[in-house]
Each structure stands twice: as structure tokens, then as C-alpha cells.
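# Examining the three-dimensional arrangement
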Amino acid sequence: MREPRRGPEGQGILRSPGEPRIPTVDLRPWLSGDTQAREEIARTVDQALQTAGFLLVTGHGVDPALRAGIREAARAFFALPAEVKERYAVKVGGRGWLGPGAEANGYSEGTETPPDLKESLSFATHEPFDDPAVNAEWYAPNVWPAEAPGLRALCEEYLERMGELEKELLTLLGDALGVERDFFSRHMDHPTYGFNINWYPGVEVVGEPEPGQFRIGPHTDFGTVTILDRQAGKGGLQVYTDAGGWEDAPFDPEAFTINIGDLMARWTGDRWRSGRHRVLPPPADSPTEELMSLVYFGECTPGTIVESVPAPVGRVAYEPFDSHVYLRGQLDSITVE
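Quick summary incoming for the structure in this document. What you see is a predicted model; the values in this text were computed from it and never measured. (Residues numbered from 1 in each chain as written. Predicted model: local features only at pLDDT ≥ 70, side-chain atom pairs only at ≥ 80, totals over all residues. Heavy atoms only, no water.)

Further remarks concern the overall build of the protein. In terms of regular secondary structure, the protein is built from nine helices and 14 strands. Residues classed as buried in the protein amount to 55% of the 337 residues present. A sequence separation of at least 24 residues applies to 78% of the contacts in the protein between residues at least 6 apart. Within the structure as shown, the protein displays about 14300 Å² of accessible surface, and the carbon and sulfur contribution to it stands at 52%. (Helix = DSSP H or I, 4+ residues; strand = E, 2+ residues; numbered from the N terminus. Buried < 20%, exposed > 50% of the residue type's maximum accessible area, 1.4 Å probe, protein only. Contact = heavy atoms within 4.5 Å. Areas by Shrake-Rupley, 256 points an atom, 1.4 Å probe, with all protein chains shown as cover.)

Shown next as C-alpha cells:
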């Protein structure tokens, strides 16, 4: 284990006055292999993940036309009558359509909230695994709506790119943590992942929000890294920090928004924080606002035993746990029965 990147008195690197809590990182210098640039990027990432659990990344090389194509194909599906979409209805963790009332992310924090004001198309890992029980639980076939014939090819290309980007990000995170670069990525030989296309329609579809109701309620994600392609909006993403409370997340149309999940936070012994966030309801001054997000939830290979990085890097020593036993419990916690 290399010497961790620390500030005065062994503490995490401190944020300079005026420095953004959620920085933008250009991946191109990292990918080029420039040693000094890599060290600077690693310090920036370590700092950002200590303070907010979020960062933006540019220079990732993912074609914006691919993202736009997925949105166009998915929007055609979401515009279908409810009785057609019901043919693909599933619960959280399934492959298909999560309709209104299916999910309440605030439950994961122990808060009983009204259901989230969204619909989702949900896909996930489908390549067979060598353990039949694991295969049945985590590698079921995806269900591609016949009414959106172009969606499958677009999503499969996108998910291939997300897998590549996730592995590169995990390599960067190993460097930022001061451990081996493959400390996380070596657990990616046959990883699971989730992929949601989240549709946030206006009040003409979802109705007036109830008190405490959000497009997505306050929560943290559950896995390693989340890669989000989002749209700007008044009823959009907010991020929580200790210093500023709830703040609108910074937006760059070229960037992916990256946050780490609970599994990664525990892996780092809570040196890094799982990024708490929410998506605001349709705004009163723009009630018909419609947004769509593409959300890739990175995980790792089933059966990975997660052990907290020891001090001085880690700050809390969690008992070792099975990654996917933990993930299943978290997914079950947000399902509305």
C-alpha cells in the first residue's frame, strides 16, 4: 500500500476557499499516462470523494449522439398507453418497466415517503455466470420492448462503453486511494451492473406532488460507482454536502456525473462518502418540465468479499461482507410493496 494522500496532521486534503466541492476532471491526461497529470487528477478525485462523493468527468470519449439516440427511443416507449407498458412491468431489480408507484428511494434512509415521481426502463447484466443460483438471481435475460425496436442495439453499445469507463474509473480510484491501481478493478472479471433510463415527466402525467414527494427521494446509491448522463432542469439533481446542505448539482452537457455508492464507501473505510442526492419534483414555475437520465450503476463480481481499507487511509473498520448479499438487501429496501 502506498502512502495515502494526506493534508496537515494526517487528515484528508483540505479544500481551498472558493474551490468547487464537485470538480470537473478531464480524463484525457489520465488516459495519456502522463505521471504528473495523473497525480494531480488522483489528488482532486480523493478530495472530491471525501467532501461530496461526486465529481464530473469529461474526456471520456462517449459519443453524445449515442446518448441522444437512447433518449429518443426510450421517449417513444414512455409515451405509450399505460396498458401497453404494463406488459413489461417489474419490481425494483427486475428487467423491464418500473411504473409509477414502484419505487421510493427515501425508504433506504428509513424515511417513509410517497413513491418517486418517475418511470424507468431497467436493464442489467445478462451474460451467464457459472453458478446457477447466482446466474438466476443476477444474470437474467434483459427484456427489450418490441414497441421500441431500436433501443436494444443502442443500449447494448452504451453499456459496453459504460463497462469500459467503469473499469477505467476504478483504476483511477485505486490510484486516488493510494493503493494498487487494480485494487478495485481486479474484482471486475464478471461484474454485475444495473442500468436505468429514468423518465421524469411533468405534472400533467404525474399529478401535483404530495408533501415530501420527489422525482427521486433522498438516498445514496448502493454499489461501487454510478455513471450518470443527465439533463439540466429546475426539477433536477441536488447533492448534499455537510458544508452547504442541499445544492443544485453542477451541469456540463459534455460530462458524466460520477458518484460513489455505499459499497465503495465501506470499502474505503468511510474515507470516501457515498454521495447523497435527490431529484426535485416538477417545479411550480415550470410544471410541464420533462427530463430523462441514463443511470449506470456499477457493481463488481458476485461473491466479492469487501474488506475496509485499514488506517491511516480508512477511518472506519467494517466487518467484511459479501458484496451481493449487501446489494440485494439494499435493493429490497426501496421496493414499494
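There's plenty left to go through after this.
This paragraph deals with the nonpolar core. Considering soluble globular proteins, one finds that nonpolar side chains tend to be buried as a cluster. The biggest cluster of nonpolar side chains holds 71 residues, and the ones touching the most others in it are Leu 151, Leu 173 and Ile 197. For this core, the element with the highest residue contribution is helix H6 (residues 151-177), accounting for twelve residues. Ala 52, Phe 54, Val 239 and Val 279 belong to the second largest nonpolar core, which has twelve residues in total. (Core = buried A, V, L, I, M, F, W, Y, C linked by side-chain atoms within 4.5 Å.)

Moving on, we get to the pairing of strand S10 (residues 256-260). Counting buried positions along S10 yields five of five residues, so the element is predominantly enclosed. Residues Phe 256, Ile 258 and Ile 260 line one face of S10 and the alternating positions Thr 257 and Asn 259 line the opposite face, and both faces are buried. Direction of pairing for strand S7 (residues 225-229) relative to S10: antiparallel, over a ladder of four bridges. Residue pairing in the sheet places Val 225 in a bridge with Ile 260 of S10. (Pairing = 2+ DSSP bridges.)

In this section: the sheet that holds strand S1 (residues 24-26). An order of S1-S2-S10-S7-S12-S5-S4-S3 is seen for the eight strands of this open sheet, with the pairing classed as mixed. Strands at the two margins of the open sheet, each flanked by one partner only, are S1 and strand S3 (96-98). The average angle at which neighbouring strand axes cross in this sheet is 25°, direction not considered. Two elements, S1 and strand S2 (residues 54-58), share three bridges in a ladder whose sense is parallel. The residue of S2 that forms the bridge with Val 25 is Val 57. Of the strands in this sheet, S3, strand S4 (119-124), strand S5 (193-200), S7, S10 and strand S12 (291-298) touch helix H3 (residues 64-78), which is tilted by about 110° from S12. Here H6 sits on the sheet in contact with S2, S4, S5, S7, S10 and S12, set at roughly 130° to S7. (Axes fitted to C-alpha atoms, helices over the stretch in contact; angles between N-to-C directions.)

As for its position among the elements, Arg 95 is in the loop between helix H4 (82-85) and S3. A distance of 2.4 Å separates a polar side-chain atom of Arg 95 from the backbone oxygen of Thr 125. A polar side-chain atom of Arg 95 sits 3.2 Å from the main-chain carbonyl oxygen of Ala 140. The contacts of Arg 95, once residues within four sequence positions are left out, are Val 90, Ser 122, Phe 123, Ala 124, Thr 125, Trp 138, Tyr 139, Ala 140, Pro 141, Asn 142 and Val 143. (Polar contact = N/O pair within 3.5 Å; in protein donor to acceptor, adjacent residues only side chain to side chain.)

Before going further, it helps to spend a moment on the packing of aromatic side chains. As enumerated under the stated definition, the model contains eleven aromatic pairs in all. Here Phe 123 and Trp 144 contribute two aromatic rings whose centre-to-centre distance is 4.3 Å and whose plane-to-plane angle is 20°, an arrangement assigned as stacked. With Phe 123 in strand S4 and Trp 144 in the loop between helix H5 (132-138) and H6, this residue pair connects regions lying 21 residues apart in the sequence. Judged by its relative accessible area of 1%, Phe 123 falls in the buried class. Judged by relative accessible area, Trp 144 falls into the buried class, the value being 17%. Through a chain of ring-to-ring contacts, three or more aromatic side chains come together here, namely Phe 77, Phe 78, Tyr 88 and Trp 199. (Phe/Tyr/Trp six-rings, centres within 6.5 Å; stacked < 30°, edge-to-face > 60°.)

What follows deals with the sheet that holds strand S8 (residues 237-241). If you trace the four strands from one edge of the open sheet to the other, you get S6-S11-S8-S9, paired in antiparallel fashion. One side of each edge strand has no neighbouring strand; the edge strands of this open sheet are strand S6 (216-219) and strand S9 (245-248). With direction set aside, neighbouring strand axes in the sheet form an average angle of 20°. With three bridges joining them, S8 and strand S11 (residues 277-279) adopt antiparallel strand pairing. Bridging across to S11, Gln 238 finds its partner in Arg 278.

Our focus in this paragraph is the side chain of Arg 328. Looking at where Arg 328 falls in the secondary structure, it is placed in helix H9 (residues 323-333). Given a relative accessible area of 19%, Arg 328 falls into the buried group. Excluding residues that lie within four positions of it along the chain, Arg 328 makes contacts with Glu 137 and Trp 138.

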